[in-house]
Amino acid sequence: MNFIGIDLGTSSVKIILTDEKMNIIRQVSKAYPLDFSEDGKSEQNPADWWNAVKEGLSELTSDTVGNDIAGIGVGGQMHGLVMLDENDNILRPAILWNDTRTSRETDYLNNEIGKENLQKLTGNIAFAGFTATKILWVKENEPENFARCAKICLPKDYINFMLTGVFATDVSDASGTLLFDVENRCWSDEMLDICAITRDMLPTVYESYEPIGRVKPELGFGDNITVCAGAGDNAAAAIGTSTIFDGQCNISLGTSGTVFIPTDKYVKTDNPALHSFCHANGKYHLMGCILSAASANKWLVESVFDTEDYNKNTVELNPDTASKQVYFMPYLAGERCPHNDADIRGAFIGLSLNTERTDLQTALFEGVSFAIKDCVSLIPNGIKKATVCGGGTKSRLWMEILSNVLATDISVIKNEGPALGGAILSARATGLNPKIENDILYTVNPNKKLVDIYKSKYKKFKKLYPALKDFYKEENI
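Criteria and cut-off values
- Residues numbered from 1 in each chain as written.
- Predicted model: local features only at pLDDT ≥ 70, side-chain atom pairs only at ≥ 80, totals over all residues.
- Heavy atoms only, no water.
- Helix = DSSP H or I, 4+ residues; strand = E, 2+ residues; numbered from the N terminus.
- Contact = heavy atoms within 4.5 Å.
- Polar contact = N/O pair within 3.5 Å; in protein donor to acceptor, adjacent residues only side chain to side chain.
- Buried < 20%, exposed > 50% of the residue type's maximum accessible area, 1.4 Å probe, protein only.
- Pairing = 2+ DSSP bridges.
- Right-handed = clockwise from strand over helix to strand, strands pointing away.
- Axes fitted to C-alpha atoms, helices over the stretch in contact; angles between N-to-C directions.
- Salt bridge = Lys/Arg side-chain N within 4 Å of Asp/Glu carboxyl O.
- Disulfide = S-S within 2.5 Å.

1. Considering the environment of Asn281
Looking at the secondary structure, you find Asn281 in the loop between β18 (275-278) and β19 (284-290). Spatially, the C-alpha atom of Asn281 lies 9.4 Å from that of Ala236, the residues being 45 residues apart in sequence. Dropping the residues within four chain positions of it, Asn281 is found in contact with Tyr209, Ile239 and Ile244. A distance of 3.0 Å separates the side chain of Asn281 from the backbone nitrogen of Lys283, its partner in a polar contact.

Encoded structure:
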């Protein structure tokens, strides 16, 4: 038997075909457009996702291998708002996780409904990226669309709906909506009332590894293919990286950056900047999320340096290069953890006539690493070591900086992220329990001199946000 894992990302969908041992047989990737034509706006047409998925599946199942497919699992970008009318037609483009136009709605939920009340109902507070804030934004700004809305779902759930005709979601993705009671793994009726929606507008909730239906035969991808509920991209990636045991830590440096800590039991965090979500393994996890990680590096290299050579402006890490006093605030799309500030923006600090491109590149790696440290510092009992995955791991310099900023060993692992996690979950849905061992590409150990330098630089970095946060508020622009 073979399995398919789908990673529905922000810029493209990646689809892999595996065997029962989760060895990858082949893979395809299909890109689709992203609309960020206005400041704070980030939208996509769900039809583009579905067309890309159909094309990718057609390529993977174009020969006899397709007849052997037993399951499909989807991991996808979280928090996005997909709205359908009573005939299941798309009402408007999906509002994505990194759309920051919901500052007013976020403030309303946190300040008028109250953070303590929100935590009691959902386990979390409101962030601009969460689905509930988007629902309120549509209600306020597009009342006609809100009135016509019959179904609300998340991006990967729209793909599952198109594959099976079943309206379903999973606990990990639902956790990021702020409509979900994370501790009790069910929708919160109180939050539905606050957002003026009804339970029948929302999908049925499953555990990530549970089967929800079968692929519709008329799609032509194969007969009797089981589709599991799937998972949000971070939980799916954690399954793919075997980050499933209490106290482990996986750091992902993709478009965004995340610090993912599995927990056996539900944890109510003292600092609400950390998310407390359901894990795809039937348990829970804590997560800190920064909005710009590898995407910030892509911006610097391609848009500022005007090159696609990502190593062109890197240097050897030593006490001299680490001691340079150039700082980067990586808030290009606002920030989630720990600041929960949709208005803040990025900045280079400490530029002089002697500043070179290599200084900017190093400062960017440091700034994102400091932001990751902001998340790690909120984790109860900290971390002892971490695995790291995502596009950022292609830079050895970045990994060395991260290890010294966190003062811990980090191991870079080879994995296929949410796509592999989706394939594993689909195998679970068919009764298999594949054992995954991730290949460690290399491990970086911190250097005491560099740790001390970065400890001092981090203290200065911590002063930048308080100094600049008011500068970016709307009333001051």
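2. Brief notes about the pairing of β18
Side chains His275 and Phe277 project from β18 onto one buried face, and the interleaved Ser276 and Cys278 project onto a second face that is buried too. One ladder, built from four bridges, connects β18 with β19; its direction is antiparallel. Its bridge partner lying in β19, Ser276 is registered against Leu286. The loop that links β18 with its antiparallel partner β19 comprises five residues; one of these, Gly282, has a positive phi angle of about 95 degrees.

3. Examining the pairing of strand β23 (residues 409-414)
The two faces of a sheet get side chains in turn, since along a regular strand they alternate between them. Alignment of strand β22 (residues 385-389) against β23, held across four bridges, turns out to be parallel. Each bridged residue has a counterpart across the sheet, and for Thr387 the counterpart in β23 is Ser411. In this fold, the crossover linking β22 to β23 by way of helix α12 (residues 396-406) has right-handed handedness. In this structure, β23 lies alongside strand β24 (residues 439-444), joined through five bridges in antiparallel fashion. In the sheet register, Val412 faces β24, and the bridge partner there is Tyr442.

4. Quick word on the sheet that holds strand β17 (residues 257-263)
Taking strand neighbours across the sheet as the criterion, the seven strands line up as β18-β19-β17-β16-β22-β23-β24 in an open arrangement whose pairing is mixed. Of all the strands in the sheet, the pair left with one neighbour each is β18 and β24. For this sheet, the mean angle separating the axes of adjacent strands, direction not counted, is 30 degrees. Contacts from α12 reach β16 (250-253), β22, β23 and β24, with the element oriented near 60 degrees to β24.

5. Quick notes on the environment of Phe180
Looking at where Phe180 falls in the secondary structure, it is placed in strand β10 (residues 180-181). When the C-alpha positions of Phe180 and Glu190 are compared, they lie 9.8 Å apart, and in sequence the two are ten residues distant. Ignoring sequence-local partners within four residues, the contact set of Phe180 consists of Leu121, Thr122, Val171, Ala174, Ser175, Arg185, Cys186, Trp187, Ser188, Val205 and Cys278.

6. Brief notes about the pattern of salt bridges
The full count for this structure, using the stated rule, is 22 salt bridges. Glu207 serves as the salt-bridge partner of Arg185, at 2.9 Å between the closest nitrogen and oxygen. Taken as a pair, Arg185 in the loop between β10 and β11 (186-187) and Glu207 in the loop between β12 (204-206) and β13 (211-214) lie far apart in primary sequence, 22 residues in all. Judged by relative accessible area, which is 17%, Arg185 ranks as buried. Among the residues examined, Glu207 registers a relative accessible area of 15% and is labelled buried.

7. Side note on the state of the cysteines
Among covalent bonds in proteins, the disulfide is the one between the sulfur atoms of two cysteines. This model, assessed by the stated rule, comprises zero disulfides. Cys195 takes part in no disulfide bond, and the closest cysteine sulfur, belonging to Cys149, lies 12 Å away. For Cys195, a relative accessible area of 0% translates into the label buried. Left without a disulfide partner, Cys375 is nearest to the cysteine sulfur of Cys337, which lies 3.6 Å away.

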